[in-house]
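# Breakdown of the fold
The chain contents come next:
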Amino acid sequence: MRVLITGAAGFLGSHLSDRFLSEGHEVIGMDNLITGTTDNIAHLANHARFSFIKHDVTNYIYVAGPLDAILHFASPASPIDYLELPIQTLKVGALGTHKALGLARDKGARFLLASTSEVYGDPQVHPQPETYYGHVNPVGPRGVYDEAKRFAEAITMAYHTYHGLETRIVRIFNTYGPRMRLRDGRVVPNFIAQALKRQPLTLYGDGMQTRSFQYVSDLVEGIYRLLLSDEAEPVNIGNPGEFTIKEFAGIVNELTGNEAGTVTKDLRTLDDPQVRQPDISKARRILGWEPQVTLSEGLALTIPWFREELHRRNEI
Ligand code: NAD
Ligand code: UDP
């Protein structure tokens, strides 16, 4: 296949690029580097089947030659990023998705949208199956991201039903691994960096809110299978292992040998979902997929990467 990956210089886009290349496909990475970095794809610079186009996908997208698939991953993704970039977040979810869909239609390419568990908002159904419509405040602080992704799902489905485009929608739950930005503000980089610096980990609020953490290789496998499937309706891909943020802090401190404990800060953004856990029955049934990497295994693969990153910056 000849595949376009938008957001290729980001955390997930770079891992997806690696996977498609290792399967023998050709990858064109596209990114405007607003939250990503070419460091994430530097190892691909001389790869014969990889090329990179610096471009903002909210503008008309031109790609020469045929395309078999487009994976649309461009979007600010961490709460601090989309709070700092509210308009860009709305634009890339709306205009960027429209442009990428138009390109898919023009090329006759299959289209896969990176959606999110945030479409469920602060959920009142737990765990969340794909049939749950969600509980989102459109004008709350997270509204710019949640509503952009909900619009992106709606326009993807409209291209499917109206234009007959082959489309896929993956609802991604919290995913972590090497190449996450040290300062993207998400809980995994924050906690690992604090622990490696022997600082107390900052719990936003009482730390009783829950999340379910998935290692990046499991997500990439689920996305690969979904793209090759014939499922046009959304599919959750996440690890159902659910932890309170306080428990998660304890695990990070234990794995890093950090004895500084935790500290509570009143830094939680409003609308911080209280619970989050994927119902993955559908992915199990239609993709034969389930996560393989436990939280301690995934963290054992991630912590050394952050340690090296902090060394490189002379921060530890
Ligand atoms: P990331 O910030 O590392 O990557 C996003 C990439 O998109 C960056 O490289 C950024 O520069 C690029 N980008 C943003 N706007 C762009 C634009 N207008 N034009 C071109 N490029 C643009 O984040 P990530 O964690 O890799 O997330 C990738 C995708 O997966 C996002 O769509 C995100 O919403 C989705 N997602 C991620 C998670 C997660 O846990 N990591 C969870 C749910 C959904
Ligand atoms: N969080 C925290 N300390 C931090 C960063 C995040 O307690 O240093 C909490 C945050 O309030 C949320 C959870 O950890 O409840 C996950 O936050 P993240 O930003 O990783 O992603 P979210 O799932 O909220 O989009």
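These lines cover the structure that appears in this document, whether it is placed above or below. (Residues numbered from 1 in each chain as written. Chains lettered and ligands numbered in written order. Predicted model: local features only at pLDDT ≥ 70, side-chain atom pairs only at ≥ 80, totals over all residues. Heavy atoms only, no water.)

### Quick word on the pairing of strand β6 (residues 167-172)
Successive side chains on a regular strand alternate, one facing one side of the sheet and the next facing the other. Burial within β6 is extensive, with 6 of its 6 residues counted as buried. The alternating pattern of β6 places Thr-167, Ile-169 and Arg-171 and Arg-168, Val-170 and Ile-172 on opposite faces, both of which are buried. Two elements, strand β5 (residues 110-116) and β6, share 6 bridges in a ladder whose sense is parallel. Note that in β6 the partner of Leu-112 across the bridge is Arg-168. Following the chain from β5 across helix α4 (residues 143-163) to the adjacent parallel β6, one finds a crossover that is right-handed. (Buried < 20%, exposed > 50% of the residue type's maximum accessible area, 1.4 Å probe, protein only. Helix = DSSP H or I, 4+ residues; strand = E, 2+ residues; numbered from the N terminus. Pairing = 2+ DSSP bridges. Right-handed = clockwise from strand over helix to strand, strands pointing away.)

### Brief notes about the site of ligand 1
Surveying the vicinity of ligand 1 reveals 29 residues, the closest of which are Leu-12, Asp-31, Thr-35, Tyr-145 and Lys-149. The side chain of Lys-149 places a nitrogen or oxygen atom 2.7 Å from an oxygen atom of ligand 1. Separating an oxygen atom of ligand 1 from a backbone N or O atom of Thr-175 is a distance of 2.9 Å. Burial of ligand 1 by the surrounding chains reaches 96%, relative to a free accessible area of 820 Å². (Near = heavy atom within 4 Å. Polar contact = N/O pair within 3.5 Å; in protein donor to acceptor, adjacent residues only side chain to side chain. Areas by Shrake-Rupley, 256 points an atom, 1.4 Å probe, with all protein chains shown as cover.)

### Here's the deal with the pattern of salt bridges
Throughout the structure, instances matching the rule amount to 21 salt bridges. Close ionic contact of Arg-183 with Glu-315 constitutes a salt bridge, the shortest N to O distance being 2.5 Å. Remark: Glu-315 occurs in the segment after α9 (295-312) and Arg-183 occurs in the loop between β7 (175-176) and α5 (187-196); sequence separation between them is 132 residues. One salt bridge in this structure joins Glu-309 and Arg-312, with 2.9 Å as the shortest N-O distance. Of the two residues, Glu-309 and Arg-312 are both situated in helix α9; the distance of 3 residues between them amounts to about one turn of the helix. (Salt bridge = Lys/Arg side-chain N within 4 Å of Asp/Glu carboxyl O.)

### Observations regarding the site of ligand 2
Neighbouring ligand 2 are 18 residues, the closest being Val-187, Thr-202, Arg-211, Asp-272 and Arg-276. In this structure, Asn-174 approaches ligand 2 through a side-chain N or O atom, which is 2.9 Å from an oxygen atom. For ligand 2, an oxygen atom lies 3.0 Å from a polar atom in the side chain of Gln-209. Protein burial of ligand 2: of its 520 Å² of free accessible surface, 95% is covered by the chains. Looking at the shell around ligand 2 residue by residue, the classes come out as 6 nonpolar, 5 polar and 7 charged. (Nonpolar A, V, L, I, M, F, W, Y, C, P; charged D, E, K, R; others polar.)

### As for helix α3 (residues 86-107)
With 22 residues, α3 extends 31 Å from end C-alpha to end C-alpha; this agrees with the ideal 32 Å at 1.5 Å per step. Remark: the principal bend of α3, roughly 35°, maps to Val-92. The complete set of buried residues in α3 reads Thr-89, Val-92, Gly-93, Gly-96, Thr-97, Ala-100, Leu-101, Leu-103 and Ala-104. The inward-facing, buried residues of α3 contact β1 (2-6), β4 (69-72), α2 (79-84), β5, α4 and β6. Looking one or two residues beyond α3, the residue adopting positive phi is Gly-108, at roughly 65°. (Expected span 1.5 Å × (residues − 1). Bend = angle between axes of the 7 residues up to and from the residue. Contact = heavy atoms within 4.5 Å.)

### Observations concerning helix α7 (residues 245-256)
Taking 1.5 Å as the rise per residue, α7 with 12 residues should run 16 Å; its terminal C-alpha atoms sit 16 Å apart, in good agreement. Within α7, the full set of buried residues consists of Ile-245, Phe-248, Ala-249, Val-252, Asn-253 and Thr-256. The arc enclosing the buried residues of α7, seen along the axis, measures out at 135°, which places them on a common side. Residues of α7 that are buried make contact with α5, β8 (201-204), β9 (210-212), β12 (242-244), β13 (262-265) and α9. With its phi angle positive at about 65°, Gly-257 sits one or two positions after the end of α7. (Arc of directions from axis to C-beta.)

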